[in-house]
Amino acid sequence: MISKNAVVEAWKRVKANRGAAGIDEESIGDFERKLRDNLYRIWNRMSSGSYVAPPVRVVAIPKAGGGERKLGIPTVADRVAQMVVKMQLEPSIDPLFHDDSYGYRPFKSAHAAIGRTRERCWRQDWVIDLDIKGFFDNIPHELMMRVVRKHAPDKWVVLYVERWLKAPAQDEEGNLIVREKGTPQGGVISPLLANLFLHYAFDRWMAQRYPQNPFARYADDAVVHCPTRDNAERLCAAIIERLAECGLEVNRQKTKLVYCKDANRRGSHEHERFTFLGFEFRPRYAKNVRGEYFTSFLPAISSVAAGKIRDEMRGWQIDRKSDKSIEDLSRMFNPMVRGWVQYYGRYYRSGLYPVFRALDRSLARWASGKYKKLRRHRRRSAQWLQRVAQRSPDLWAHWAIGAGKLGSITGAG
């Protein structure tokens, strides 16, 4: 029932996604060197029902707000096998999902979730900023398998999903850990299973019980809109109770009620901002069609995301690469800058200006170290960089969005 073509297509998708090696330390390149034999082995074992999921390598990743997130990394072969099952299962269940479930779905995006949330913040005064504690690590296997059996088109899909859920984890010391709940965050099949579980635990329940309260969910990250504080308090309590019934715990310290304050909303509240998918929603200045400024509740790059970008750029040590030309530096680093601009520049682009001042300061210091005539002349370095930006505005992605007002950025004018 499993075609060889499906295994080949699964491999192509896994290769495109790249990723680290699992417990066998076999990389994408290592796997590809014996591609035909490896793919045949996966197809043969899956077709015969004898495929057994190997342990998942667990790596601890620091979280922005403190603590650690455990990332489960399957082997390359196991990622191919999971992709085969995902390709079989996803077409039948994705159409069932709620329109406001945006995470890891075809034709859905984080930008769409941010845009919809922005519009709803304008219409409703309050937001429940929901945080589920250790969601991927705590999904109950029994409830998960109940919904898989309900929707899986083939018995072999059910068989392998259950094996992946029960596959042990191997920590960084090599110890095997039996998993009685959860699905590894990092597995190919895990996001689809997470969406399926929360479709019943949250999305469908919300649509049936509270249709007047719209929400946006991206995997386990969700915000819910409410017209009044009283409504938000009662609904938040109901959500906590509902998720507890489904074996999940809400992080009460991080879950909060947020007042979407703007020019027309009076009063104040303890929380008047929240972060969703790397964007911080808070009161910001905006300009209306008549060119007049007013206060609106808008998303822009969050301070945490901005800090991570600055740390990444600092690690490039551009000012020490005097052996490179500015074109060389662009080829090395501009793809990352372009990615940040494309993601965080979608809403309130001016929020990116301070972020990239550090990059332009580094470029100015690089120019000062590379060219003798610019050494110890901060203003001249800034002016030289300004001329390069005017001559080649596409050389660095942030120059094209107006962030390259280099005189003020470098402190030279």
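Residues numbered from 1 in each chain as written. Predicted model: local features only at pLDDT ≥ 70, side-chain atom pairs only at ≥ 80, totals over all residues. Heavy atoms only, no water.

Engineer: Any details on the overall build of the protein chain? Residues and values, ideally.
Structural biologist: Along the backbone of the protein chain there are 15 helices and 12 strands. Overall, the C-alpha framework of the protein chain stretches about 70 × 60 × 40 Å when taken along its three principal axes. Of all 413 residues assigned to the protein chain, the portion counted as buried reaches 49%. Put simply, of all contacts in the protein chain between residues at least 6 apart along the chain, 67% involve residues at least 24 apart. (Helix = DSSP H or I, 4+ residues; strand = E, 2+ residues; numbered from the N terminus. Buried < 20%, exposed > 50% of the residue type's maximum accessible area, 1.4 Å probe, protein only. Contact = heavy atoms within 4.5 Å.)

Engineer: Help me get a handle on the pairing of strand E7 (residues 221-226), residues and values and all.
Structural biologist: Counting buried positions along E7 yields five of six residues, so the element is predominantly enclosed. Sheet analysis places strand E3 (residues 126-133) next to E7, joined by six bridges and oriented antiparallel. Bridge assignment links Val127 to a residue of E7, and that residue is His225. Sheet analysis places strand E6 (residues 215-218) next to E7, joined by four bridges and oriented antiparallel. Counterpart to Arg217 in the pairing with E7 is Ala222. Hairpin connection between E6 and E7: a loop of two residues separates the two successive antiparallel strands, and Ala219 in this loop has a positive phi of roughly 60°. (Pairing = 2+ DSSP bridges.)

Engineer: Could you give an account of the state of the cysteines, naming the residues involved and the relevant values?
Structural biologist: In total, this model carries zero disulfides according to the counting rule given. For the unlinked cysteine Cys121, the closest cysteine sulfur is that of Cys260, found at 3.9 Å. Cys226 takes part in no disulfide bond, and the closest cysteine sulfur to it belongs to Cys236, at a distance of 8.6 Å. (Disulfide = S-S within 2.5 Å.)

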